[in-house]
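Residues per chain, in single letters:
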Amino acid sequence: MLDSYKFQNIGSWWLKLALLLLTGMPLFSTLPSSAVAVGLKEYFGEALAEILSVATFTLIIWSVCLFSLGYRKFLEYLAGAFMMALTTVLLGALIRKLLPVSIFHDSQASSIRLLKLFYNILMVFPYSLMFINSFSAGNLIKRMTGARGHTRNLGLHLALTLRIFQHVGDVISRLLLIWKEEHPQLLLPRHRKDWAMLSIPFFYSRWLLQSIIQWIFACIILAFEPIPVMVEEIEQLYDNGEKDD
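This is a predicted model, so every value here is computed, not measured. (Residues numbered from 1 in each chain as written. Predicted model: local features only at pLDDT ≥ 70, side-chain atom pairs only at ≥ 80, totals over all residues. Heavy atoms only, no water.)

A.B. asks: How would you explain the overall build of the protein if you had to name every residue and give the values?
C.D. replies: A count of helices and strands for the protein gives 10 helices and zero strands. Going from the N terminus to the C terminus, the protein shows its helices and strands as α-α-α-α-α-α-α-α-α-α. Relative to its 245 residues, the protein shows a buried fraction of 33%. Within the protein, contacts between residues at least 6 apart in sequence are counted, and of these 68% link residues at least 24 apart. Just so you have it, the protein exposes about 15800 Å², and 68% of that area is on carbon and sulfur atoms. (Helix = DSSP H or I, 4+ residues; strand = E, 2+ residues; numbered from the N terminus. Buried < 20%, exposed > 50% of the residue type's maximum accessible area, 1.4 Å probe, protein only. Contact = heavy atoms within 4.5 Å. Areas by Shrake-Rupley, 256 points an atom, 1.4 Å probe, with all protein chains shown as cover.)

Take a look at the structure:
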């Protein structure tokens, strides 16, 4: 009974889109979190109220994603979100330490921005993947094969874009599993016991840079590999439709 209320099972595409946009409102506008922060300010203070408001909407979006995606898929997306959020915030904090203090006029405001960015990434990552996987590229292709003219052309291009984004989401999930098997502690390399104490900053920086480069190349290769086949399928569908006209 409850499965019919999951986003991917809602039949009407416009209702599905409206509900998804309503769910993601805290990501598109600062008004919801600002309104909650005003109510929390008198109990927790201004700084903590801003952080708690963003954290509250993060939990709300997580609960929606968990219901729609299921336990296993949600945890996969959440693992990617935490890794991206941690690396982003840690790099931001490191840059703040390395750059002159005069650049950051308000240390507390900068810290609050980093924490809010942390929660925003935790919201955006699972929500975005839930959003693109709530629509079926196959169903869209079936509808567009019966359409005519510019509508079919636009619809098939939209279906191609949707399939590419869905494939990229699956690729990132698979790469995260591989990364976790190679480095169970995620942000710490498995083989680091032979590092001398004084050489840890050098070896860790080199390992982190090499890992980022390898991650980027792996994402590019695996994400773009099936695109020529997808494009050929869409072009064939379009050509078949032109012949039928």
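A.B. asks: An account of the layout of surface pockets is requested, with residue identities and associated values reported.
C.D. replies: Considering only enclosed or pocket space, the largest pocket measures out at about 680 Å³ in volume. It is helix H9 (residues 200–224) that contributes the most residues to the lining of the largest pocket, 10 residues altogether. Of the residues that constitute the lining of the largest pocket, the class distribution is 19 nonpolar, five polar and no charged. (1 Å grid on protein atoms, 1.4 Å probe; cavity = no way out; pocket = protein on both sides within 12 Å on 5 of 7 lines; lining within 4 Å. Points joined across faces, edges and corners; volume = space filled by probe spheres on them. Nonpolar A, V, L, I, M, F, W, Y, C, P; charged D, E, K, R; others polar.)

A.B. asks: Which residues make up the nonpolar core, and what values do they have?
C.D. replies: If you look at the biggest cluster of nonpolar residues, it comprises 28 residues, and the most contacted ones within it are Leu-20, Cys-65, Leu-69, Phe-74, Leu-122, Tyr-127 and Met-130. Counting residues per element, the ones that place at least two in this core are helix H4 (46–69), helix H5 (71–98) and helix H6 (107–133). Of the residues forming this core, the biggest block, 10 residues, is contributed by H6. Not counting residues within four places of it along the chain, the set of residues in contact with Leu-20 comprises Phe-7, Tyr-127, Met-130, Phe-131, Ser-134 and Phe-135. (Core = buried A, V, L, I, M, F, W, Y, C linked by side-chain atoms within 4.5 Å.)

A.B. asks: Which residues make up the packing of aromatic side chains, and what values do they have?
C.D. replies: All told, the structure shown has seven aromatic pairs when counted by the stated rule. Ring plane angle 55 degrees and centroid distance 6.0 Å describe the contact between Tyr-127 and Phe-131, whose orientation is recorded as tilted. With Tyr-127 and Phe-131 both in helix H6 and four residues apart, the pair spans about one turn of that helix. Here a set of aromatic residues connected by ring pairs shows up, and it is made of Trp-62, Phe-74, Phe-82, Phe-118 and Tyr-119. (Phe/Tyr/Trp six-rings, centres within 6.5 Å; stacked < 30°, edge-to-face > 60°.)

A.B. asks: So what about the side chain of Ser-68? Which residues, and what values?
C.D. replies: Tracing the backbone through its elements, the reader meets Ser-68 in helix H4. Not counting residues up to four positions away in its chain, the partners in contact with Ser-68 are Lys-6, Phe-7, Gln-8 and Met-130.

A.B. asks: Outline H9, supporting the account with residue identities and numerical values.
C.D. replies: Its 25 residues place the ends of H9 36 Å apart at the C-alpha level, agreeing with the 36 Å of an ideal helix rising 1.5 Å per residue. When H9 is considered as a whole, its buried residues turn out to be Trp-207, Ser-211, Cys-219 and Ala-223. (Expected span 1.5 Å × (residues − 1).)

A.B. asks: Give me the lowdown on the pattern of salt bridges, citing residues and values where you can.
C.D. replies: Any two side chains of opposite charge can pair, so long as their charged atoms come close to each other. One pass over the structure, following the stated rule, counts two salt bridges. Among the salt bridges present, the one from Lys-116 reaches Glu-50, with a minimum N-O distance of 3.6 Å. One end of the pair, Lys-116, is in helix H6; the other, Glu-50, is in helix H4, with 66 residues separating them in the sequence. Accessibility expressed as a relative area gives 28% for Lys-116, which makes it partly exposed. On the basis of relative accessible area, Glu-50 is assigned to the partly exposed category, the value being 22%. Across the pair Lys-73 and Glu-76 runs a salt bridge whose closest N-O atoms are separated by 3.7 Å. Of the two residues, Lys-73 and Glu-76 both sit in helix H5, three residues apart, roughly one turn of that helix. (Salt bridge = Lys/Arg side-chain N within 4 Å of Asp/Glu carboxyl O.)

A.B. asks: Let's hear about the packing of helix H3 (residues 31–44) against H4: which residues, and what values?
C.D. replies: Where H3 contacts H4, the axes come no closer than 7 Å and their chain directions differ by 135 degrees. Considered as vectors, H3 and H4 are oriented oblique to each other. H4 is crossed by H3, and the crossing has right-handed handedness. Here Pro-32, Ser-33, Val-36, Ala-37, Leu-40, Lys-41 and Phe-44 of H3 lie close against H4, whose contacting residues are Glu-46, Leu-48, Ala-49, Glu-50, Leu-52, Ser-53 and Phe-57. The residue inventory of the contact of H3 with H4, partitioned by class, reads nine nonpolar, two polar and three charged. (Axes fitted to C-alpha atoms, helices over the stretch in contact; angles between N-to-C directions. Parallel < 35°, antiparallel > 145°, perpendicular 65-115°, else oblique. Left-handed = near helix turned anticlockwise from the far one by under 90°.)

Don't take any of this as a statement about function, it's just geometry.
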